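Coordinates in review
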Amino acid sequence: MTGSTPFRKRRFRKPGDPAETRVGATGPETGPGAPGDPAVPSDTVPAVPSATEADEESRHRHGAHRLQAVKNGVRKGGEGARAAALYISDRIIENAPRVPVRDLATLRAQFPGLTPDQLADKLIAGAANATSTVGAGIGAAAMLPVPPAVPAELAAEITGVAVIELKLVAELHEVYGLRPPGSLKDRSLANLTAWTEERGVDLAKPATLNAALGGQMKRELRQQIMKRMLRSTPSLMPFLVGAAVGAVVNRRSTRKLAEKVRTDLRARAVPWDALPQLPPLERPSQPLPEPIRAAVEAPEPSQDPGSAQA
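Within each chain, residues carry numbers counting from 1 in the order of the written sequence. In keeping with the model being predicted, local features are shown solely for residues with a pLDDT of at least 70 and side-chain atom pairs are shown and tallied solely at 80 or more, while totals for entire chains, interfaces and linings include all residues. Note that water and hydrogens are dropped before the side-chain values are worked out from all heavy atoms of the structure.

Before going further, it helps to spend a moment on empty space enclosed by the protein. Grid points spaced at 1 Å and placed over the protein atoms alone form the basis of the search, with a cavity being a set where a 1.4 Å probe fits but cannot get out and a pocket an open set showing protein on both sides within 12 Å along at least five of seven lines. Lining residues have an atom within 4 Å of a point. Grid points are joined across faces, edges and corners, and a volume is the space filled by probe spheres set on the points. What the rule picks out here adds up to four cavities of 30 Å³ or more. Of the voids in this model, the largest cavity is the one considered here, and its volume is about 190 Å³. Taken together, 16 residues line the largest cavity, and the ones lying closest to its centre are Val101, Ala170, Arg187, Ser188 and Asn191. Looking at the lining of the largest cavity, the elements with two or more residues in it are α5 (149–175) and α6 (184–197). Tallied by class, the residues present in the lining of the largest cavity amount to nine nonpolar, three polar and four charged. Labels follow the DSSP assignment, with helices taken as runs of H or I lasting at least four residues and strands as runs of E lasting at least two, numbered in each case from the N terminus. Side-chain classes are defined by residue name, with Ala, Val, Leu, Ile, Met, Phe, Trp, Tyr, Cys and Pro counting as nonpolar, Asp, Glu, Lys and Arg as charged, and the others, Gly among them, as polar.

To estimate the expected span of a helix, count its residues, drop one, and scale the result by 1.5 Å. Relative to the 20 Å expected for 14 residues at 1.5 Å per residue, α6 spans 20 Å between its end C-alpha atoms, a close match to the ideal helical length. We call a residue buried when its accessible area falls under 20% of the maximum for its residue type, exposed when it is over 50%, and partly exposed in between, using a 1.4 Å probe and counting protein chains only. Among the 14 residues that make up α6, ten are buried, leaving the element largely enclosed by the rest of the structure. Three or more residues of α6 are buried, namely Arg187, Ser188, Leu189, Ala190, Asn191, Leu192, Thr193, Ala194, Trp195 and Thr196. Looking one or two residues beyond α6, the residue adopting positive phi is glutamate 198, at roughly 55°.

Next up on the list: the nonpolar core. Think of a nonpolar core as a cluster: buried Ala, Val, Leu, Ile, Met, Phe, Trp, Tyr and Cys residues, connected wherever their side-chain atoms sit within 4.5 Å. Formed by 48 residues in total, the largest nonpolar core has its most connected members in Ile92, Trp195 and Ile225. Contributing elements (two or more residues each) for this core: α2 (51–95), α3 (104–110), α4 (116–141), α5, α6, α8 (215–232), α9 (241–266) and α10 (290–296). Take this core: its biggest share by element is twelve residues, from α5. Note on contacts: a residue pair is in contact if any heavy atoms of the two residues lie within 4.5 Å. Discounting chain neighbours no more than four positions away, the residues touching isoleucine 225 are Ala85, Ile88, Ser89, Ile92 and Ile158.

Here is the structure:
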């Protein structure tokens, strides 16, 4: 417009131009040319992480800590389960020679007029009832507000059920005429091997009896106990739910084990009239603990309680 100051055009300067350097040096103290504050080129960006990157890194660190905590918990839980299985296996091996087993003559006197399969049915039903009672009792005890007692209750249940089933396995061998040879200790270890492997003792392979306490049998015993621990865990549920679940699970497990052993023994059974005269079984020198003995000596179904043999 007429009368106004004409606009003075500014030419563009390249970086590093002397005039631009002079302008930066003569600027105010708070500007880029302030003393002690070197000028930052216009094409340089400070390497400062954004808030999103910081949050992402924090989440990664937190997730890594949680994953490590989970791994540590799983490792400690596995070590605790192995220690519990080792403790229970030692108790079962210790109680195996103390199990009172009835010989064939005693069984036929208590259940007269029965065939081998009918007598086996009676023994299986009695053992299933006994393990069911143990499971129900442990499930009811789990209602008590004593958390430290839970591992002890679980160990007591597995040990009691194992002793009942060991007695059943030994008496099924008597019924089908396949008593393991040897002393009380030898027969106890043979029956323990049969319980661990869920099959009958093969009398034609004495090597399996001599290696009864070998490393393989102990590993199989611990594996069997670990499976029993997993199956027995629901019996610790509160509000009497665990009692019902424990009773059903134990009854089913005992029947399943008994059918496996009986099927194996039946294929190699010796008829009663072809059996030689066998000596009576010796009594254990040491009795079982009182709670386990009470469960083992429970009478079978349709049997007079007064006639049950200790």
